[in-house]
Amino acid sequence: MSLNELLPLAVLASSLLPGLVIFTLPESSVGLRTTLNLFGAVAKLALIGVLLAGVAAGQSYVFRYAVLPGIDLVFKADALALLFVGLSAVLWLFTTLYAIGYLEGAPHRSRFFGFFSLCVTATMGIAMAGNLFTFFVFYEVLTLSTFPLVVHRGTDKALKGGTVYLAYTLAGGAVLLTGIVWLHNLLGHTEFTHGGVAGTLGMEKAASLRWIFLLLIAGLGVKAAIVPLHGWLPQAMVAPAPVSALLHAVAVVKAGAFGIVRVVYEVFGVEFAQSLDLLTPLAVAAAITILWGSGRALFQDDLKKRLAFSTVSQVSYIALGTALFGPIGTIGGLVHLVHQGIMKITLFFCAGNYAETLGIHKVSEMDSAGRRMPVTTLAFSIAALGMMGAPFTAGAVSKAWLSDGARAASMDWAILVLWASSLLNAAYFLPILWRSWSRRAPAAAWPAEHIPMQGWRETTWLLLLPPLVTAAVTIAAGILADTDFSPLAWAKLIAAREYLESAP
Amino acid sequence: MTSGMVFAATGAVLFAMGVAGVVLLDHLMRRILAFNLMGSGAFLVLVGTAQRDGSVDPVPQAMVLTGIVVAVAATALAITLARRLYTLSGRTELSGTDDD
Amino acid sequence: MTDPLVWLIVLPLVWASVAFLLGPSRGARLAVAGLGFQLLLALDLTRMLMTGGPRRYAVGGWGAPLGIDLFADGLSAIMLLLVQSIALLLAIYARSYFKPGAASRHFWPMMGFLVAGMNALFLAADLFNVYVTLELVGLAAVGLVAAGGEAAQLAAALRYLFATLVGSGAYLLAVALVYGTYGTVAIETLAPLIDARPPLAVWLAGALMLAGLLVKSALFPFHFWLPPAHGGAPAPVSALLSALVVKATFYLILRLWLGPFAPLAAAAVWLPSVLGCVAILWGSIMAIRTRRLKLLVAYSTVAQLGYLFLIFPLLAPDGIALQAGVLQAVAHGLAKSAMFAAAGVLIIASGRDAVEGVAGAAQHLPLTLFAFALAGVTLMGLPPSGGFLAKWLLIDAALLQGQWWLAAVVIAGGLLAAVYVFRVLRQAFLIVPENAVIAPVPRVLEWATFVLAAASVLLGLGGMEIVRLLGVGAPT
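How each quantity is defined
- Residues numbered from 1 in each chain as written.
- Chains lettered and ligands numbered in written order.
- Predicted model: local features only at pLDDT ≥ 70, side-chain atom pairs only at ≥ 80, totals over all residues.
- Helix = DSSP H or I, 4+ residues; strand = E, 2+ residues; numbered from the N terminus.
- Contact = placed C-beta atoms within 7 Å.
- Buried ≥ 20, exposed ≤ 12 C-beta atoms within 10 Å, placed from the backbone.
- Nonpolar A, V, L, I, M, F, W, Y, C, P; charged D, E, K, R; others polar.
- pLDDT = per-residue confidence, 0-100.
- Core = buried A, V, L, I, M, F, W, Y, C linked by C-beta atoms within 7 Å.
- Axes fitted to C-alpha atoms, helices over the stretch in contact; angles between N-to-C directions.
- Parallel < 35°, antiparallel > 145°, perpendicular 65-115°, else oblique.
- Left-handed = near helix turned anticlockwise from the far one by under 90°.
- Expected span 1.5 Å × (residues − 1).
- Bend = angle between axes of the 7 residues up to and from the residue.
- Pairing = 2+ DSSP bridges.

1. Some words on the overall build of chain C
(1) Moving on: Scanning chain C for helices and strands turns up 20 helices and two strands.
(2) Moving on: Once the C-alpha set of chain C is aligned to its principal axes, its extents read approximately 70 × 55 × 45 Å.
(3) Moving on: Excluding contacts between residues fewer than 6 apart, the proportion of contacts in chain C whose partners are at least 24 apart in sequence is 80%.

Here's what the structure looks like:
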């Protein structure tokens, strides 16, 4: 087995092995557990660095294992995979730090971090899957490994949220499996290929292919929270903040959106999908989700639920970008996958900070939170401005590319949807900013304050550092978007390979 | 009708009666007796077919002997279990379901 | 002389008899040693088959039709490996499970006879030998169910006994009819003799054999004996029965369906699958509703057996459905034995056989809960397990032949299984009062359970090996 074959496996092992060991650790061995967690995260980042350099230079990293005659488990670290892998690995490191701080003294930490690592392993597997079979295997493993995280707290509410989560995701998985097996039946394989492979079946199979597309998108749409399959997401907010951060910025919703990208580009091929008239319905579904999510967010007082609906809305930008026929739209969708992850995780980190430090969970309780916790609220503000598409932020870059892509695909109505969504974003984020910065606090403020102010440090280091860093990255990704090391540059690379190497 | 066919037909009837007894009767001892009847029916069919050509075929007779041994063992097991059940609980019938 | 075919049957008979004389503690050690050796024999046999093709052995040097032939091909080898490996792990489990008493005294000899009977069944080459082994397996299994000695277990054992005797009685009558028509009971000789239009007696024989074996396989509506028997017996007994004994009769149906009775099969091809669908739905619903833990697992067996019978309308030359059925049998065997073993551990710890009882015990037994979860993953047919491979192949075969409804039933079955599996698993996350009384559990029990469960998941990576082995002397 060559080194190129081993590297994808090593990426998986870097979180799987520490995770399995962490399960066996007693609750009290904090030091060892932290070391294992961080070692795994850093090792993974190092491996990904090697992969990024290699893929940019044109190397290929493929691992293949025959599971059954005609069915292979395939790992392929290509440019698109590395986009998701890179995002996940970087954010995993910061979420691990955050979770260590958040769960300090809480019960069942070994169990939590064990499943946490399994969750990241599953995400890596989804990202590097080289065919739909492998994708599905890790897609379901993700479902199974996130369930214990959602119900971690063990309360009745947590279990109810977990049950709803499972019902949605397992049903979605069943639908997805049907589509995959059907496609495998028709094609003989389900390999991801640049430019898609379903086109070889021709238009005689158009009816079957349309059904398959519907099944696949519906199955993926549950995790990607496309309306009306999004019901599990607000319910899952019962999980601890690091879990919400992970689920909404990195793992679950992005897995669904990533799957949609793979299906449209590398299973069907964007031109063939266009000829089957599949892209417009997808764009419409995405648009409905964008507007519906933003609309529901306006009426949520619970902070995490407001952010949840905001996620429902924002993740569909990726689906919209995928449905906009042409490289510009593609780039917009892909780069938003990264940017939305960074911005949303910042918001959830801050929400967790407010809950842990001051005991506030609702927007109405956030009056003058900015005075008490200025750094956190600064990070929150930057991320919120990014979501609105304010200049100099990452969000502005993705919105710009998406709008241009809509124009290039002659779908000008999508531009209206994007603008409407930005306005709605402003409508539900600006009041929060105004409340926390300028409203005066009532007399008996912060009755549930857990962590007192220590000098200028408003909360513990571990809770403060991650959102600061990710907020800074939000701005950096915006200002430095045109350099060679930005997410935008990588998205352009992917689009170039996608469109240039595809079969005409 | 050859004598073999008579045996076989009788055996079939006995078999059917035996199965009906095991399934439909309630008292354990009666069901065990019905099982033996069923077994005897099957053996008769075997013996009956052993005489089809007029000459005697030893193979089915060997099979019947084996079957009798098995039936004896099974009957012994059944009687032991039934006796023990009666000693422990006074029951001579199996109730509808034993689930919760 | 060291032909593994013979030793696989003789060795367990020997150690079972000796164990009866030696008593439970030495008997247990003897059993573990014997089973370990048998596993090596089965692996050796597999190696011989892969290199040399199917093997035949005439016992005592006398060939058919008067002597007894033993025959092994790929399918036999897979079942033999399954039995020896599960029995070995369950023997290790049972050694630490049983407290001294009547149950442990009778367990080892009967387990030995059960394993001997099953090995002989998988190696049998003629129909009457199959009858003898069926009876041996049946009586040993009934004895195991009754070993606990309580009234409820005796009643369950009697119910099982009557069902199994009716089943083998029907089978015997069928053998009589076949012999009466063709003058032979050797499977290989019969296959070319039965053509597409056989006499009435052979139709009757086929129907009787199918009915008898279905009763012993506990396919709906003949499943009534299974829940009380498997739900009431001690955990290692339930594991042996659910994982192995019901698979033996399924194996026979498969052999006869694909072998001598193939021309007749077309007439009855929908019956097993329709009954299988009902079994899946009925068993899952009962498992979702019951409050006892072992009964939940027993009803799960009723449901999972339905999957095995879905393959019959799909059996075709390309063999996908056969691979699906065999993979499902193996995966379910490993997973169900793990699940019963885990249930046994949880019941010892919590002191009661209730689904709610899991909550307190789960905090102290994470390994067991993990094993239960892994076993559940296989039963649900979720990746990356052996059950998932079986499910994929089954859906693939169904779609290839245009049987949409079968694929839908398989998928629905998986979702229903998720409901009852997570009924138990969610208990592990509940907050429980710290003062719950938890009995200590020997570590060996947890590890044996975990190995079984892990095997069912790792099976997901070993699919190619099984398919290759299945291809040796394939019946189709």
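This is not the end of the story, as more comes after the structure.
2. A look at the overall build of chain B
(1) Moving on: If you tally the helices and strands in chain B, you get three helices and zero strands.
(2) Moving on: Expressed as a percentage of its 100 residues, the buried residues of chain B come to 36%.

3. A few points about the interface of chain C and chain B
(1) Moving on: In this assembly, 34 residues from chain C lie in contact with 34 residues from chain B.
(2) Moving on: Of all the secondary structure elements, the ones that give two or more residues to the side of chain C that touches chain B are helix H5 (127-146), helix H6 (151-182) and helix H9 (226-232) of chain C.
(3) Moving on: Of all the elements, H6 of chain C adds the most residues to the side of chain C that touches chain B, at 18 residues.
(4) Moving on: Partitioning the side of chain C that touches chain B into residue classes produces 25 nonpolar, five polar and four charged.

4. Quick word on the interface of chain A and chain C
(1) Moving on: The partner chain C presents 25 residues to the 24 residues of chain A that form the contact.
(2) Moving on: Broken down by secondary-structure element, the contributors of at least two residues to the side of chain A that touches chain C are strand S1 (62-68), helix H5 (132-150) and helix H6 (156-187) of chain A.
(3) Moving on: Here the side of chain A that touches chain C gets 11 residues from one element, more than from any other, and that element is H6 of chain A.
(4) Moving on: A per-class count over the side of chain A that touches chain C returns 18 nonpolar, five polar and one charged.

5. A look at the confidence of the model for chain C
(1) Moving on: For chain C, the average pLDDT comes to 88, and 97% of its residues sit at 70 or higher.
(2) Moving on: Two summary scores accompany this predicted model of the complex, namely pTM at 0.91 and ipTM at 0.93.

6. Remarks on the nonpolar core
Here is a general trend for soluble globular proteins: nonpolar side chains tend to be buried in one another's company.
(1) Moving on: One finds Leu144 and Leu158 of chain C to be the most contacted residues of the largest nonpolar core, which totals 441 residues.
(2) Moving on: With near-sequence residues (within four places) excluded, Leu158 of chain C lies in contact with Leu28, Ala78, Leu81, Ala82, Leu85 and Leu94 of chain B.

7. What to know about the packing of helix H4 (residues 109-128) of chain A against H5 of chain A
Residues and elements named next belong to chain A.
(1) Moving on: In contact at an axis separation of 8 Å, H4 and H5 are set at 160° when each is read in the N-to-C sense. Between H4 and H5, the angle falls in the class roughly antiparallel. Pair H4 / H5 crosses with left-handed handedness. Here H4 contributes Arg111, Phe112, Phe115, Phe116, Leu118, Cys119, Ala122, Thr123, Gly125 and Ile126 to the contact with H5, which in turn contributes Phe135, Phe138, Tyr139, Val141, Leu142, Ser145, Thr146, Pro148 and Leu149.
(2) Moving on: Looking at the contact of H4 with H5, its residues break down into 14 nonpolar, four polar and one charged.

8. A closer look at the environment of Ala390 of chain C
Residues and elements named next belong to chain C.
(1) Moving on: If you trace the backbone, Ala390 turns up in helix H17 (residues 386-400).
(2) Moving on: C-alpha of Ala390 to C-alpha of Thr378: the two residues are 12 residues apart in sequence and 9.5 Å apart in space.
(3) Moving on: Other than its neighbours up to four places away in sequence, Ala390 contacts Ala324, Leu327, Gln328 and Ala331.

9. Some words on the arrangement of the chains
(1) Moving on: The pair of protein chains exhibiting the most contacts, out of two pairs of chains in contact, is chains B and C.
(2) Moving on: There is a gap between chain A and chain B: no contact, and a shortest C-alpha distance of 26 Å.

10. Here we look at the environment of Leu21 of chain C
(1) Moving on: Looking at the element boundaries, Leu21 of chain C is found in helix H1 (residues 4-22).
(2) Moving on: Separated by 88 residues in the primary sequence, Leu21 of chain C and Pro109 of chain C place their C-alpha atoms 9.0 Å from one another.

11. Focus on the confidence of the model for chain B
(1) Moving on: Confidence along chain B averages 86 in pLDDT terms, with 88% of residues attaining 70 or more.
(2) Moving on: The element-level mean pLDDT for chain B is lowest in helix H1 (residues 3-24) of chain B, coming to 89, with helix H3 (residues 58-89) of chain B highest at 92.

12. Here's the deal with the packing of helix H17 (residues 394-408) of chain A against helix H18 (residues 412-438) of chain A
Residues and elements named next belong to chain A.
(1) Moving on: The contact between H17 and H18 brings their axes to 7 Å, and the two run at 155°. The pairing of H17 with H18 is recorded here as roughly antiparallel in orientation. Considering only the axes of H17 and H18, their crossing is left-handed. Between H17 and H18, the residues in contact are Lys399, Leu402, Ser403, Ala406 and Arg407 and Asp412, Ala414, Ile415, Leu418 and Ser422, respectively.
(2) Moving on: Residue composition of the contact of H17 with H18, by class: five nonpolar, two polar and three charged.

13. Structural notes on helix H19 (residues 443-458) of chain C
All names here are of chain C.
(1) Moving on: Compared with the 22 Å implied by 1.5 Å per residue over 16 residues, the 22 Å span of H19 between its first and last C-alpha is a close match.
(2) Moving on: What H19 keeps buried is the set Leu445, Glu446, Ala448, Thr449, Phe450, Leu452, Ala453, Ala455, Ser456 and Val457.
(3) Moving on: Against helix H3 (74-97), helix H14 (320-350), helix H16 (366-380) and H17 lie the buried residues of H19.

14. Some details on H18 of chain A
All names here are of chain A.
(1) Moving on: Taking 1.5 Å as the rise per residue, H18 with 27 residues should run 39 Å; its terminal C-alpha atoms sit 38 Å apart, in good agreement.
(2) Moving on: The largest bend along H18 measures about 30° and falls at Phe429, with the proline Pro431 one to four residues further on.
(3) Moving on: Within H18, burial applies to Ala414, Val417, Leu418, Ser421, Leu424, Asn425, Tyr428, Phe429 and Ser436.
(4) Moving on: In this fold, the buried residues of H18 make contact with helix H12 (279-298), helix H13 (303-323), helix H15 (369-372), helix H16 (374-388) and H17.

15. Details of the pairing of strand S2 (residues 69-72) of chain C
Residues and elements named next belong to chain C.
(1) Moving on: Side chains Asp69 and Phe71 project from S2 onto one buried face, and the interleaved Leu70 and Ala72 project onto a second face that is buried too.
(2) Moving on: Inspection of the sheet shows strand S1 (residues 55-58) paired to S2 by four bridges, in the antiparallel sense. Bridging from a neighbouring strand, Tyr57 pairs with Leu70 of S2.

16. Section: unusual backbone geometry
(1) Moving on: Put simply, Val227 of chain A and Pro228 of chain A share a cis peptide bond, and its omega is 5°.
(2) Moving on: Residue placement: Pro228 of chain A occurs in the loop between helix H7 (206-223) and helix H8 (232-235).
(3) Moving on: The linkage connecting Pro383 of chain C with the following residue, Pro384 of chain C, adopts the cis geometry, with an omega of 5°.
(4) Moving on: Take Pro384 of chain C: it is sitting in the loop between H16 and H17.
(5) Moving on: Of note in this structure, Ser410 of chain A is not a glycine but carries a positive phi near 55°.

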